[in-house]
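# Inside the fold
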Amino acid sequence: MEKAGSVLPEQGPPLWLLAELTYRCPLQCGYCSNPVDLQRGQSELTTQQWCDVLQQGRALGAVQLGLSGGEPLVRRDLPELISEARSLGYYSNLLTSGMGLSQAKVKQFKDAGLDHIQISFQDSDPDLNNALAGSKKAFSQKLAMAQAIKEQGYPMVFNVVLHRHNLAQIESIIDLAVELGADYVELANSQYHGWALHNREQLMPSQEQLLAAELVVKNYREKLAGKGPALLFVVPDYYENKPNPCMNGWGKMFLTVTPDGTALPCHSARQLPIQFPNVTTTSMNEIWYGSDGFNQFRGEGWMREPCRSCDDRGTDFGGCRCQAFALTGDPFNADPSCNKSPHHHLVQAARQAALNPLEQPLVLRNYANAEQLRKPPMRT
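Structural notes, computed from the coordinates.

So, how was this worked out
Counting restarts for each chain: residues are numbered from 1 in the order of the written sequence. Only residues with pLDDT of at least 70 are given local features in this predicted model, and only at 80 or more are side-chain atom pairs given and counted; all residues enter the totals for whole chains, interfaces and linings. Side-chain metrics rest on all non-hydrogen atoms present in the structure, leaving aside hydrogens and water. Secondary structure elements follow DSSP: runs of H or I no shorter than four residues count as helices, runs of E no shorter than two count as strands, and numbering proceeds from the N terminus. We compute the radius of gyration from the C-alpha atoms alone; for a globule the expected value is 2.2 Å times N to the 0.38, where N is the number of residues. Type-normalised accessible area, obtained with a 1.4 Å probe on protein chains alone, sets the label of each residue: buried when under 20%, exposed when over 50%, and partly exposed for intermediate values. Two residues form a contact once any of their heavy atoms are found within 4.5 Å. For every accessible area listed, the method is Shrake-Rupley and the probe measures 1.4 Å; residues are considered covered only by the protein chains on display. Charged residues are defined here as Lys and Arg on the positive side and Asp and Glu on the negative side; His and the ends of the chain fall outside this count. Charge coordinates come from a single atom per side chain, which is NZ of Lys, CZ of Arg, CG of Asp or CD of Glu. What a helix is expected to span follows from its residue count: subtract one and scale by 1.5 Å. To be clear, the arc concerns the directions from the helix axis to the C-beta atoms. Any two strands with at least two DSSP bridges between them are considered paired. A pairing counts as a salt bridge when a side-chain nitrogen of Lys or Arg comes within 4 Å of a carboxyl oxygen of Asp or Glu.

### Concerning the overall build of the protein chain
Counting its secondary structure elements, the protein chain contains 15 helices and nine strands. For 380 residues, the compact-globule estimate of 2.2 N^0.38 gives 21 Å, and the protein chain sits close to it at 20 Å. Taken along its principal axes, the extent of the C-alpha atoms in the protein chain is 55 × 55 × 50 Å. Residues classed as buried in the protein chain amount to 51% of the 380 residues present. Of the contacts formed within the protein chain by residues at least 6 apart in sequence, a portion of 74% connects residues at least 24 apart. Accessible surface, the protein chain: about 16700 Å² in total, of which carbon and sulfur atoms supply 51%. Across the protein chain, the 34 positively charged side chains and the 39 negatively charged ones have centroids separated by 2 Å.

Structure (structure tokens):
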């Protein structure tokens, strides 16, 4: 690896701690951002180890806590972790598919101190929702749990990952969110990491589809006139000509801890050829301020041209390092989503391919497929 960046004099604490409690999940979404190599995440921190992570994170200055996965509900100690988060003063968010949730658990979590729930749907149509989730029970369960969440008085984020299979239903998706009383609606177009990158040719919409969906959201906002949920429409990086400030800058605000305790500056960084520290062997203070992994892309010292002399380098921070690595094999390269990048043609080629999408089933996220993808291709 080239010379790393370094901890900046003005480097502040992490404000957001994402606890990826597990990679286990009852659903099989083909756009999941979890690692394709699921076997690497089969070991999980114990309850006490997670409590220690929460304590160290809070001591560092983190105030927002995301409890995520996989599906965090498969952890039987979730109420205990929520209670610990409350005692430490976090604002806690549960990011869930709703699978494994019940009315009793919704209340139990409320009593333990959970502040906020984000529930994900795949579509407003039950059959398409279930097909995308890989579960015949998914839609009815999600519907019942969204209602239970609101009955308990939680602020609720209604999340849908968008792609070419469900973009045409975006108006009915928003209708459903409004009907369920969502406070926020996150319409997040798929970003191509993890399983989504493997399924990119099946998922990626055309620009025409994307613009049509964006117009529907704009018109819906005008119809709501500020009286309904906030609608957030997240454009895929591949259709931006300038890179997004990924995670608001590498190691600037966000700290992710994976199921086995590996600490990352963002949830996709595990794919990079970097040795990241683990909370079981290194203090989180040392991880945040002193580790090579977290300092690797801080500041501007690591940047090559065209990033090094770009006027936007202080606002986009060079874009996404994981995307640069996934598309070019080198995380130091300019993010290919940027039209100044010498690798921008790779994104343009993907856009062109989306005009004639691959008509084959998604490779669903499960351990059998993960094992199959690990095998080298057969020679012919």
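### Thoughts on helix 9 (residues 207-224)
With 18 residues, helix 9 extends 26 Å between its outermost C-alpha atoms, agreeing within 8% with the 26 Å of an ideal straight helix rising 1.5 Å per residue. Of the positions making up helix 9, those classed as buried are Leu 210, Ala 213, Val 217, Tyr 220 and Leu 224. Relative to the axis of helix 9, the buried residues are bounded by an arc of 85° and lie together on one face. In helix 9, the exposed residues that point more than 90 degrees away from the buried face are Glu 208, Leu 211, Glu 222 and Lys 223.

### Some details on the sheet that holds strand 5 (residues 156-162)
Read across the sheet, nine strands follow the order 7-6-5-4-3-2-1-8-9 without closing on themselves; strand pairing throughout is mixed. What marks the edges here is a single partner per strand, and that holds for strand 7 (230-234) and strand 9 (263-264). The pairing of strand 8 (residues 254-257) with strand 9 spans two bridges and is classified as antiparallel. Paired with Thr 256 across the two strands is Leu 264, which belongs to strand 9.

### Observations concerning the pattern of salt bridges
By the definition in use, this model includes 13 salt bridges. Among the ionic pairs, Arg 24 bridges to Glu 44, the shortest N-O distance being 3.0 Å. Residue Arg 24 is found in the loop between strand 1 (16-20) and helix 1 (47-60), and its partner Glu 44 is found in the loop between strand 1 and helix 1; the two are separated by 20 residues along the sequence. Between Asp 77 and Arg 75 there is a salt bridge; the shortest N-O distance is 2.7 Å. Per residue, the accessibility class of Asp 77 equals that of Arg 75, and both read buried. Through salt bridges with shared partners, a single network forms among Arg 24, Glu 44, Arg 75 and Asp 77.

Shape is all these values report; function is a separate question.
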